[in-house]
Amino acid sequence: LADDDAQQFSQHLKRSLRDAQQHALPACLFCFEMTEADGGERALALLEGSRRGLDLQLRLTNGAGHPCLLVLLPLTSSDGLEGYRRRLRQLLAERHGQDSTLESLGVRSHEHELLPKTRAQELRVFLFNECGLHEQQVAV
């Protein structure tokens, strides 16, 4: 990949997939798509600020022209995934009011768990079909 950040993110994504397949170490991949300019920028700042120690993030623009943030949560099980969602809801409530949601700020979220049975092709379908990205942006 031409972009160093995308190259590094892709390497970590491949490693997380391999760790899930070979060692049963789960991970999760989110794609947050900003569909509205105003709310999307506020949400993007919140999402980028919510990064934990091992999390990786990559900013992209999808095929629809929407800014996207890919977030890889290595070593995150279903329980950890729910904790991440809960933390995002709390941050939204604190910064934008109790009734705020990602959707109300114009953010569409997509998620894919990396489990022992996950194959690279499933991940490609998620990234390219569901998230609207292409192989020059992220490689699997």
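Before any of the text, the structure's been laid out above.
How each quantity is defined
Sequence order as written defines residue numbering, which begins from 1 separately in each chain. Predicted model: local features are reported for residues with pLDDT of at least 70 only, side-chain atom pairs are reported and counted for 80 or more only, and whole-chain, interface and lining totals are derived from all residues. Side-chain numbers come from the whole structure's heavy atoms, not from hydrogens or water. To qualify as a nonpolar core, a set must consist of buried Ala, Val, Leu, Ile, Met, Phe, Trp, Tyr and Cys residues joined through side-chain atoms within 4.5 Å. Here's how the labels work: a residue is buried when its accessible area is under 20% of the maximum for its type, exposed when over 50%, partly exposed in between, all with a 1.4 Å probe on protein chains only. In this description a helix means any DSSP run of H or I spanning at least four residues, a strand means any run of E spanning at least two, and both kinds are numbered starting from the N terminus. Throughout, a contact is declared for two residues whenever any of their heavy atoms are within 4.5 Å. By the convention used here, strands pair only if DSSP detects at least 2 bridges between them. Working convention: axes come from line fits to C-alpha atoms, limited for helices to the stretch in contact. Angles between N-to-C directions cover 0 to 180 degrees. Any carboxyl oxygen of Asp or Glu that lies within 4 Å of a side-chain nitrogen of Lys or Arg is treated as forming a salt bridge with it. We call a pair of cysteine sulfur atoms a disulfide whenever their separation is within 2.5 Å.

## Some remarks on the nonpolar core
Here is step 1: Formed by 22 residues in total, the largest nonpolar core has its most connected members in Phe-9, Leu-13, Leu-29, Leu-70, Leu-114, Leu-123 and Leu-127.
Here is step 2: Counting only elements with at least two residues in this core, the list comes to α1 (4-23), β1 (27-34), β2 (56-61), β3 (67-74) and α4 (120-130).
Here is step 3: Residue contributions to this core peak at five residues, all from α1.
Here is step 4: Setting aside residues up to four positions removed in sequence, Leu-29 forms contacts with Phe-9, Leu-13, Leu-70, Val-71, Leu-72, His-110, Glu-111, His-112, Leu-114, Leu-123, Phe-126 and Leu-127.
Here is step 5: Ranked by size, the runner-up nonpolar core spans 19 residues in total, among them Cys-28, Leu-69, Val-71 and Leu-102.

## A word on the sheet that holds strand β4 (residues 107-114)
Here is step 1: Here four strands make up an open sheet; going across it, the order is β2-β3-β1-β4 and the pairing antiparallel. Where the open sheet ends on each side, the last strands, each with one partner, are β2 and β4. Averaged over all pairs of adjacent strands, the angle between their axes in this sheet comes to 15°, without regard to strand direction.
Here is step 2: For β2 and β3, the ladder comprises six bridges, and the chain directions are antiparallel. Bridging from a neighbouring strand, Gln-57 pairs with Val-71 of β3.

## Here's the deal with the pairing of β3
Here is step 1: Burial analysis of β3 places seven of its eight residues in the buried class, the great majority of the element.
Here is step 2: As paired elements, β1 and β3 share seven bridges and run antiparallel to each other. Paired with Cys-28 across the two strands is Leu-73, which belongs to β3.
Here is step 3: In this antiparallel pair of consecutive strands, β2 and β3, the connection spans five residues, and Gly-65 shows a positive phi of 85°.

## Quick notes on the environment of Cys-28
Here is step 1: Inspection of the secondary structure puts Cys-28 in strand β1.
Here is step 2: Remark: the alpha-carbon pair of Cys-28 and Ser-78, spanning 50 residues in sequence, is separated by 8.7 Å.
Here is step 3: If near-sequence neighbours (up to four positions away) are discounted, Cys-28 is found in contact with Val-71, Leu-72, Leu-73, Thr-76, Leu-81, Glu-111, His-112, Glu-113 and Leu-114.

## A short note on the environment of Gln-90
Here is step 1: Examined against the element boundaries, Gln-90 turns out to sit in helix α3 (residues 78-96).
Here is step 2: A relative accessible area of 47% means that Gln-90 is categorised as partly exposed.
Here is step 3: Distance from Gln-90 to Ser-100, taken between C-alpha atoms, is 9.7 Å for residues ten residues apart in sequence.

## Observations concerning the pattern of salt bridges
Here is step 1: Scanning all chains against the criterion turns up seven salt bridges.
Here is step 2: Between Glu-48 and Arg-59 there is a salt bridge, and its shortest N-O distance comes to 2.8 Å. With Glu-48 in helix α2 (residues 37-49) and Arg-59 in strand β2, the pair connects residues that are eleven residues apart, well separated along the chain.
Here is step 3: Look at Glu-48 and you get partly exposed, because its relative accessible area is 29%.
Here is step 4: Ionic pairing is found between Arg-89 and Glu-82, a salt bridge with its closest N-O pair at 3.1 Å.
Here is step 5: Overall, Arg-89 belongs to the partly exposed group, its relative accessible area being 45%.

## Observations concerning the state of the cysteines
Here is step 1: Summed over all chains, the structure comprises zero disulfides.
Here is step 2: The thiol of Cys-28 is unpaired, and the distance to the nearest cysteine sulfur, on Cys-131, comes to 11 Å.
Here is step 3: With no disulfide partner, Cys-131 has as its closest neighbouring cysteine sulfur the one in Cys-31, 3.6 Å distant.

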